[in-house]
Amino acid sequence: MATGRDVRDMLGLAEGAVSKPTAQPKRAAPPKPTAPVRRPQGVAREVAALYGERAPPVAIFEDTKGYRAKRTLGPAKKWVQERFTNGARSDGLVLRHWRRRDEWEVDVRKMKGEEGREINVDVKEEEKEADMPVVPRREFAKYNVEVDVPTFTDEEYEAHLRSESWSREETDYLLQLVKDYSYRWAVIWDRYDFKPSQSSSTQEEQATTDEVALRSLPFQQPTPRTIEDLKSRLYTISAKLMSLRLREMDSEQYQLYTLLSCFDPVTERNRKHLAAALMNRTLDEVKEEEFLLTELQRINMSALRLDAERAELRARLETPVVNTQAAAGINSFTSSAALHQLLTQLFHQERNKKRVPGANGPGQPNRLSISTGVDASGAGTPTQTMPPHLNSARRQSSISHAPGGGGASTPSSTSHLPNAPPRLLSTIDQARFNVSQHERLTSGVSFGTDRLLKMRQAKSNVQTQKIATSLQELGVPELIPVPTQKVAEVFEGLVGKVGRLLDVRKVREKEEGERRILEGMRKVRVGGAEKGEGEGEDGGEGGKRKRSESLGGREEEGVKKVRV
Amino acid sequence: MNTLSSSAAPTAGEYAGDEVSAIVLDPGYATTRAGFAGEDVPKSVCPTFYGYLDNQQPLFGENAVHNPLANLQIKNVWGSDGVVEDWDTASKLWEYAITSRLTGRKPGDPTKNGLNDGNKAEGENGQDMDVEMEDVENQEKPLEESPLLMTEPGWNPTKAREKTIEIAMEEYGVPAFYLQKTGVLAAFASGKASGIVIDVGASHTSVTPVLDGMVLKKGVQKSPLAGNFISSQIRLLFKNTTPEIPLTPHYLVKSKTPVDAGAPPQAVYREFPSGSAPHDSFRVFQEDRVLTEFKESVVEVWPGPQRFHQGPSEEIAKSQPGRPFEMPDGWNQVFTVDRYKAAEGLFDASAAQVDANNPRPKDEHTIPRLVQAAVQQVDADQRPMLLSNIVVTGASTLLYKFTERLQNEINQLYPSTRNKLVAPGSVVERKYAAWIGGSILASLGSFHQLWISKKEYEEHGSNIVEKRCR
Ligand SMILES: Nc1ncnc2c1ncn2[C@@H]1O[C@H](COP(=O)(O)OP(=O)(O)OP(=O)(O)O)[C@@H](O)[C@H]1O
Ligand SMILES: [Mg+2]
C-alpha cells in the first residue's frame with residue numbers, strides 16, 4: 001500500500017508542504033464526553049434522571065433522525081399515461097396506465113424502429129391523448145394460462161370412447177366445462193347443467209340406425225350426474241386416449257395411466273359418504289370419541305408400565321446374569337466395540353496402578369484407614385455373602401475386574417498387589433483390629449447407626465413402614481446396639497431381601513387381580529358353559545398358588561439364612 | 001419471459017399490480033360504493049335511497065334524501081328479492097355515485113351536483129331539468145375513460161346481468177366492463193381465494209361458498225333476515241314496551257330539553273302545514289336512521305354458546321350493565337335485557353318479535369341454517385377447507401358480539417372441524433369488503449385479460465356477460 005508520503009514523493013511535493021488531511025485531527029480528538037450522557041430529546045431532565053443506568057424499556061427515537069426518503073437530485077422525473085394493449089387479449093383493447101417517461105420512450109422507439117418508420121416520440125403535453133402511440137405489452141400475458149384437455153376425432157370417439165350412459169354431446173359439454181374451469185371438479189360439478197339440444201335429438205329421431213338410437217338413449221332419462229360420474233368419464237377417456245396414442249409410455253406416463261384407469265367412482269363415493277359422516281357427527285359423538293381416545297391411551301400406558309415392572313421383577317428373581325464375556329474368554333472380543341471396551345478397561349486399570357504410588361506421597365491420604373465402629377464410607381469391601389449384581393455401589397469394582405480373570409479373591413488385593421502399601425495385615429488381623437480398605441473415603445464423620453437407619457428407609461413411606469413391620473416380625477430391634485461394619489453388611493443384606501420379598505408380594509397381588517379380571521372376561525365370553533369354566537378356574541388358581549408359594553418359600557429361605 | 005404451466009400456481013411472491021384507473025362500483029341496498037381501483041376505501045359512498053317528487057328527476061345524495069321537502073318520497077332502486085327493480089333510476093344513481101366524487105363533471109353544470117336543488121322553487125327546478133336533458137344528449141358519455149368493475153349479488157339472474165352490461169356499455173360508454181359477485185370480492189378483500197362468505201347487509205343476508213375465486217352457485221343462500229329485519233325488530237320492541245317508546249326522527253325535533261330516564265320527552269316539534277309535509281316513506285327512512293344509531297350503540301347479540309332463551313342466558317343477561325340511549329327528542333333510557341332481543345331472530349327464528357305485520361321468520365332463514373344449507377351443497381372434500389375460512393362481512397355484522405355468537409353457532413353445527421372466522425377488525429373493511437376486493441382485483445395486471453371490451457360487447461351482445469363473468 002502506498003502511503004500518503006509515497007504519493008507526495010511521486011508528485012514531487014515537499015515533505016510537509018501539504019497540510020495534514022482534515023480527517024486526521026478529528027479522529028485524533030478525544031471522544032466527546034457528551035456521548036454517554038446524551039439525553040433523548042423531549043424528556044425533562046428530572047425524568048431522564050430517573051432512568052438510572054439502564055436504558056428505558058421503550059426505545060425513544062429522536063424525531064430528527066427519522067426516516068427520510070432518499071432524494072434524487074435533478075428535476076422531477078416525468079411520467080406519461082401510456083396507452084397499451086395486453087398480449088393476452090386478441091381484441092386489441094387499449095387501456096392506459098402511468099409509466100416513467102424515459103422507459104416509455106425506449107419502448108416506443110423500439111416499437112417504431114421495428115416497423116421501420118421515422119422515430120419521433122416528442123409527444124408534447126398539450127398533444128391529444130388519442131394520438132399517443134399504443135404500446136403492446138406482454139408482461140401479463142403469461143397469466144393467460146389454459147389447461148390441456150383431451151381431444152379426439154369423431155372416428156376415435158365412435159371406435160373407442162362410446163359409453164352407455166354418455167352421449168357425444170354431453171361428453172363434449174363436459175370437456176368444455178373442464179377446460180373452462182381448469183379441472184376444478186367442485187366448480188365443474190356445481191355448474192354442470194347439461195340440457196341436450198333439441199335439434200340434435202330431433203335429428204337422431206329421424207335417423208334409424210342402431211348406433212344413433214343408442215346414442216340418443218341417454219337423452220331420454222337425464223340423470224343428475226355426481227362429481228364421481230364426471231371424473232370417471234373424463235379419466236376413462238384420457239386413459240383410453242393415452243393407450244391409443246402413446247406407443248410406449250415412460251414411467252411417469254404409465255403411472256398417470258394406471259392412476260387414471262384405476263379410478264373407481266363407487267369407492268370414491270363411499271369415501272365421500274364416510275368423510276361427510278365424519279363431519280356431521282354431533283357434539284356428543286365427538287366428545288365421546290375424544291374421551292375414548294384418551295382412555296385408550298391411558299390404558300396403553302399403564303399396560304406398558306405394568307409389563308415393564310413385571311419384566312424387571314422376573315429379571316431380579318431369575319439367576320444372576322452370568323458374565324458372558326468372562327465365560328467366553330477371548331472369543332467374546334470379536335467385535336470392535338467389545339475390543340474398544342476391553343481397551344478402556346485396561347487403560348483404567350493401568351491408571352489405577354499408576355495412581356497408587358502417588359498415594360504414598362506427601363499430602364495424599366493413605367488408603368488404609370481404621371474404622372473403629374464408625375464407618376466413614378458407604379462402600380465397603382465386597383463380601384461374598386451378597387450376589388454382586390444386587391449391590392450397585394460395588395458394581396463398579398466388580399466390572400473393572402471382570403476381564404482380569406474370574407478367580408480374583410478381593411479386588412483390592414489384586415489391583416494393589418504390585419505396589420502394595422508397606423505392611424499388610426493378615427485377614428485375621430484385619431478382622432481383629434477392624435481394619436477395612438476403601439477405594440474412596442468421604443470426608444467427615446458418620447455414625448454407623450445412621451447408616452443402618454438409612455437402610456430402613458425405602459423410597460415410599462408405605463414401603464418403609466412395610467419394611468419396618470417385617471423387621472419387627474423377624475425380631476430385629478429398631479436400634480442395633482453395636483453397628484459394626486460386619487453387622488451393617490448383614491443388615492443390608494437382610495433389608496435387601498425384605499425389600500425383594502415385599503416386591504414379590506406386590507406383584508403377586510397384582511397378577512392375581514389381573515387373573516381375576518381375565519377370568520371374568522373369559523366367563524363373559526364363554527357364557528353358558530359353566531361347568532368347564534369352573535374347573536378351569538380351579539386349575540388356574542391352584543397353579544398360581546403353587547408358584548407363588550414356591551417363590552415365597554425361596555425368599556423365606558434366604559431370610560432364614562441371613563438370620564443365621 | 002418465463003411461462004406458467006397450467007398445473008402450477010403462480011408463486012406467492014408474484015405481485016402483478018398494474019392500475020389502469022378502473023372504477024369499482026359496489027351497489028348495495030343501503031349504500032352504493034364507488035371509487036378508483038387500487039385505493040383502499042371507496043371515495044364515494046352515497047345512499048341507495050333517493051328522493052322522489054312527482055314528475056321530477058330523482059334526487060340523489062345525502063343532502064337530497066335528508067331534506068324534508070314537501071311530498072318528498074324516499075324510494076329504493078332494489079326490489080324485495082335482492083335484484084335491482086328500477087333500472088332507469090339505478091343507472092342514474094350509479095352514475096351519480098361515480099361522477100359526484102370521482103370523475104367529476106364538466107364545469108358550468110351546477111344543477112346536477114344537487115347543491116342548489118333545495119333553494120329553488122319547484123317550477124324553476126323543473127325547467128332546469130329540461131335544459132339539462134338537452135345537455136345530456138350533447139354530452140360525452142360519462143365514463144369513456146375508465147374501465148368499470150361492478151359487483152352483483154350471488155343470485156343475480158341473467159336478465160339483470162345483461163341489463164347491467166347494457167347500461168355500462170351504452171349509457172356510460174365504458175371501454176371495458178366486468179361483473180363479479182360480492183362474495184368472491186369480499187373473500188379477496190380478506191386475502192382468501194376460497195371460503196364461505198357470510199354477508200349480513202341491509203336487505204339480505206347471504207352465504208356464499210367460494211372456491212378458487214369462483215362462486216359455487218348451488219351453495220349460494222340468501223335470506224331477508226338482515227339489517228332491515230333488525231330495524232323492524234327494534235320497532236316491535238319499542239312498541240311492545242309499556243309505556244311504548246316513542247320514535248321521533250331528527251327532522252321533527254326543533255329543540256329539546258333534557259329529561260330523566262324514562263320520563264316523557266319535552267321537546268318542541270316541528271310542524272308542517274298541511275301539504276308541505278314530506279311523504280310517510282320519508283319519515284320511515286329517517287326513523288331507520290335513528291334505529292341504525294340504536295343498533296350501533298345499544299343492540300348486542302347474545303354471545304352464546306347457548307341461545308338466549310335456553311338455560312340461564314336470560315338471567316345472566318339481566319345482570320349485565322345496561323346501555324343508555326337518547327332519542328332525538330330527549331327521551332332516554334338504559335336498555336338492559338331488551339337489547340339482546342333485537343338481533344336474536346337472526347339466529348333463532350322462535351326468538352323473533354312478531355305481530356300481525358311481521359310474521360315469524362322461517363327457520364331456514366336463520367344464519368346457522370343458511371350456513372348449513374350452503375355447506376351441504378358443496379362437495380364433501382371441500383367442506384372442512386371452506387369451514388376454516390369463513391369470511392364475515394356486511395355492516396350488520398358490526399353488531400356487538402355478532403362474531404362470537406356466529407362462531408359458537410357454527411361450532412355447534414360442526415363440532416368436528418376446525419371452524420375459523422375471518423372478520424376484519426376495522427369497520428371500513430367490514431362494511432366495504434366487497435368494494436375493497438373489487439379494488440384489488442381491478443388493479444391487477446393479470447386482470448387485464450378478463451375485461452369485456454366494448455368491441456367484444458358489440459360483437460357478441462349482452463349475453464357475453466354470462467360467458468365471461470362466470
Ligand atoms: N355499526 C353497525 N352496527 C349494526 N348495524 C349497522 C351498523 N352500521 C350499519 N348497520 C346496518 O347495516 C346495514 C347496511 O349494511 P351494508 O352497507 O353492508 O348493506 P348493503 O351492502 O348496502 O346492503 P345489501 O348487502 O343488503 O345489498 C343497514 O341496515 C344499517 O342499519
Ligand atoms: Mg352488501
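Residues numbered from 1 in each chain as written. Chains lettered and ligands numbered in written order. Predicted model: local features only at pLDDT ≥ 70, side-chain atom pairs only at ≥ 80, totals over all residues. Heavy atoms only, no water.

Note the following rule: UniProt positions are given in the numbering used here, feature names are shortened, and annotations may be inferred rather than shown by experiment.
The name that an unreviewed UniProt entry assigns to chain B is Actin/actin-like protein, with the source organism given as Sporormia fimetaria CBS 119925. The record in UniProt for chain B states the following under Sequence similarities (unreviewed entry): "Belongs to the actin family."

Going by an unreviewed UniProt entry, chain A carries the name SWR1-complex protein 4 and comes from Sporormia fimetaria CBS 119925. Of chain A, the UniProt comment under Sequence similarities (unreviewed entry) reads exactly: "Belongs to the SWC4 family."

1. Considering the overall build of chain A
Applied cut-off: For the purposes of this entry, the term helix denotes a DSSP run of H or I that reaches at least four residues, the term strand denotes a run of E that reaches at least two, and both are numbered from the N terminus. Contacts are residue-level and defined by heavy atoms, with any inter-residue pair within 4.5 Å sufficient. Methods summary: accessible areas were calculated by the Shrake-Rupley approach with a probe of 1.4 Å, and residue burial reflects only the protein chains presented.
Scanning chain A from terminus to terminus reveals 23 helices and 5 strands. Pairs at least 24 apart in sequence give 62% of the contacts found in chain A among residues at least 6 apart. Working note: accessible area of chain A is about 40,800 Å², and carbon and sulfur atoms make up 56% of it.

2. Some words on the pattern of salt bridges
For clarity, the threshold we go by: By definition here, a salt bridge exists when the distance from a side-chain nitrogen of Lys or Arg to a carboxyl oxygen of Asp or Glu is within 4 Å. In this scheme, a residue with accessible area under 20% of its type's maximum is buried, one over 50% is exposed, and one in between is partly exposed, where area comes from a 1.4 Å probe on protein chains only.
A full pass over the atoms with the stated rule returns 55 salt bridges over all chains. For Arg99 of chain A, the salt bridge is made with Glu103 of chain A, and the minimal N-O distance between the two is 3.7 Å. Judged by its relative accessible area of 11%, Arg99 of chain A falls in the buried class. The structure contains a network of salt bridges with shared partners spanning Glu228, Asp229, Glu268, Arg269, Arg271 and Lys272 of chain A together with Asp379 and Asp381 of chain B.

3. Description of the pairing of strand 7 (residues 176-181) of chain B
Residues and elements named next belong to chain B. Heads up, the condition is: Whether a crossover is right-handed comes down to one check: with the strands pointing away from the viewer, does the path from the first strand over the helix to the second run clockwise; if it does, it is right-handed. Being paired, for any two strands, means DSSP has found at least two bridges between them.
Taken across its 6 residues, strand 7 has 6 buried, putting it largely inside the fold. Neither face of strand 7 is exposed, since Ala176, Tyr178 and Gln180 on one face and Phe177, Leu179 and Lys181 on the opposite face are all buried. The parallel pair strand 6 (residues 148-152) and strand 7, bridged by helix 4 (residues 158-171), forms a crossover whose chirality is right-handed. As paired elements, strand 7 and strand 18 (residues 452-453) share 2 bridges and run antiparallel to each other.

4. Things to note about the interface of chain B and chain A
Rule in force here: Two parts placed together each lose some accessible area under a 1.4 Å probe, and adding up what both lose gives the buried area. Residues adjacent in sequence count toward polar contacts only when both atoms are side-chain atoms; beyond that, a polar contact is any pair of N or O atoms within 3.5 Å, and within protein one must be able to donate a hydrogen and the other to accept it. Note that Gly is not counted as nonpolar here; it falls among the polar residues with everything else outside the nonpolar set of Ala, Val, Leu, Ile, Met, Phe, Trp, Tyr, Cys and Pro and the charged set of Asp, Glu, Lys and Arg.
With 51 residues of chain B in contact, the opposing surface of chain A contributes 39 residues. Buried surface at the junction of chain B and chain A, summed over both partners, amounts to about 3,800 Å²; 57% is from carbon and sulfur atoms. Where chain B packs against chain A, one counts 7 salt bridges. Notably, a salt bridge pairs Arg271 of chain A with Asp381 of chain B, separated by 2.9 Å at the nearest N-O pair. Inspection of the region where chain B meets chain A yields 19 residue pairs in polar contact (both at pLDDT 80 or more). Of all the secondary structure elements, the ones that give two or more residues to the side of chain B that touches chain A are strand 10 (214-215), helix 11 (383-387), strand 18 and helix 15 (454-460) of chain B. Considering every element that reaches the side of chain B that touches chain A, the biggest residue donor is helix 11 of chain B, with 3 residues. Considered class by class, the residues forming the side of chain B that touches chain A number 22 nonpolar, 15 polar and 14 charged.

5. A look at the nonpolar core
For the record, the criterion: The set of buried Ala, Val, Leu, Ile, Met, Phe, Trp, Tyr and Cys residues whose side-chain atoms join them within 4.5 Å is what this entry labels a nonpolar core.
Within the largest apolar cluster, 74 residues are counted, with the highest numbers of intra-cluster contacts made by Ile198 and Phe402 of chain B. Examining the composition of this core, we find that 8 residues originate from one element, helix 11 (residues 227-245) of chain A, more than from any other. If near-sequence neighbours (up to four positions away) are discounted, Ile198 of chain B is found in contact with Ser206, Val207, Ile367, Val371, Ile390, Val391, Val392, Thr393, Leu406 and Ile410 of chain B. Counting residues in hydrophobic clusters, the runner-up holds 53 residues, among them Leu95 of chain A together with Trp78, Tyr432 and Trp435 of chain B.

6. Overview of the environment of Ala267 of chain B
Residues and elements named next belong to chain B. Among the secondary structure elements, Ala267 is positioned in strand 13 (residues 266-269). Between the C-alpha atoms of Ala267 and Lys254, which are 13 residues apart in sequence, the distance is 7.3 Å. When near neighbours in sequence (up to four residues on either side) are disregarded, Ala267 contacts Val253, Ser255, Lys256 and Asp329.

7. So, the packing of helix 6 (residues 227-240) of chain B against helix 7 (residues 280-297) of chain B
Residue and element names in this part refer to chain B. Let me state the cut-off plainly: Note on geometry: axes are lines fitted to C-alpha atoms, helical ones only across the stretch in contact, with angles between N-to-C directions running from 0 to 180 degrees. Oblique is the label for any angle not under 35 degrees, not over 145, and not in the 65 to 115 range, which are roughly parallel, roughly antiparallel and roughly perpendicular in turn.
In the contact formed by helix 6 and helix 7, the axes pass within 10 Å of each other and the chain directions differ by 90 degrees. On the basis of their axis angle, the class for helix 6 and helix 7 is roughly perpendicular. In contact with Gly227, Ile230, Ser231, Ile234, Arg235 and Phe238 of helix 6, helix 7 contributes Val284, Glu287, Asp288, Leu291, Phe294 and Lys295. Of the residues belonging to the contact of helix 6 with helix 7, the class tally is 6 nonpolar, 2 polar and 4 charged.

8. Concerning a nonpolar patch on the surface
Selection criterion: Residues forming no salt bridge and having over 30% relative accessible area are the ones grouped into patches, like charges within 9 Å of each other and nonpolar side chains (Val, Leu, Ile, Met, Phe, Trp, Tyr) within 5 Å.
A contiguous nonpolar surface patch, about 300 Å² in accessible area, is contributed by Ile517, Leu518 and Met521 of chain A. Along the chain, Leu518 of chain A falls in helix 22 (residues 485-526).

9. Let's talk about the site of ligand 1
All names here are of chain B. Stated formally: What makes a residue near a molecule or strand is one non-hydrogen atom of that residue sitting within 4 Å of it.
Contacts to ligand 1 come from 18 residues, most closely from Tyr29, Ala30, Thr292, Lys295 and Ala395. Here Ala30 contributes a backbone N or O atom positioned 2.9 Å from an oxygen atom of ligand 1. Taking 650 Å² as the accessible area of ligand 1 by itself, protein coverage stands at 86%. Looking at the shell around ligand 1, the elements with two or more residues in it are strand 2 (31-36) and helix 7. Here the shell around ligand 1 gets 3 residues from one element, more than from any other, and that element is helix 7. The class makeup of the residues in the shell around ligand 1 is 6 nonpolar, 9 polar and 3 charged.

10. Let's talk about empty space enclosed by the protein
Residue and element names in this part refer to chain B. How we decide: Grid spacing is 1 Å over the protein atoms alone, the probe is 1.4 Å, and a cavity is where that probe fits but cannot get out, while a pocket is an open set with protein on both sides within 12 Å along at least five of seven lines and lining residues have an atom within 4 Å of a point. Grid points are joined across faces, edges and corners, and a volume is the space filled by probe spheres set on the points.
According to the stated counting rule, one finds 5 cavities of 30 Å³ or more in the structure shown. For the largest cavity, the calculated volume is near 70 Å³. Around the largest cavity, the lining residues are Pro27, Trp78, Val84, Trp87, Trp94, Met150, Thr151, Glu152, Pro153, Asn156, Thr164 and Leu179. Taken together, the elements giving at least two residues each to the lining of the largest cavity come down to helix 2 (87-103) and strand 6. When residues of the lining of the largest cavity are assigned to their parent elements, the largest contribution, 3 residues, is made by strand 6.

11. Examining the sheet that holds strand 6 of chain B
Residues and elements named next belong to chain B. The sheet built from 6 strands is open, its strands ordered 3-2-1-6-7-18 with mixed pairing. Strands with a single pairing partner mark the edges of an open sheet, and in this sheet they are strand 3 (44-47) and strand 18. Against the sheet, helix 2 touches strand 1 (23-27), strand 2, strand 3 and strand 6, its axis set at about 40 degrees to strand 2.

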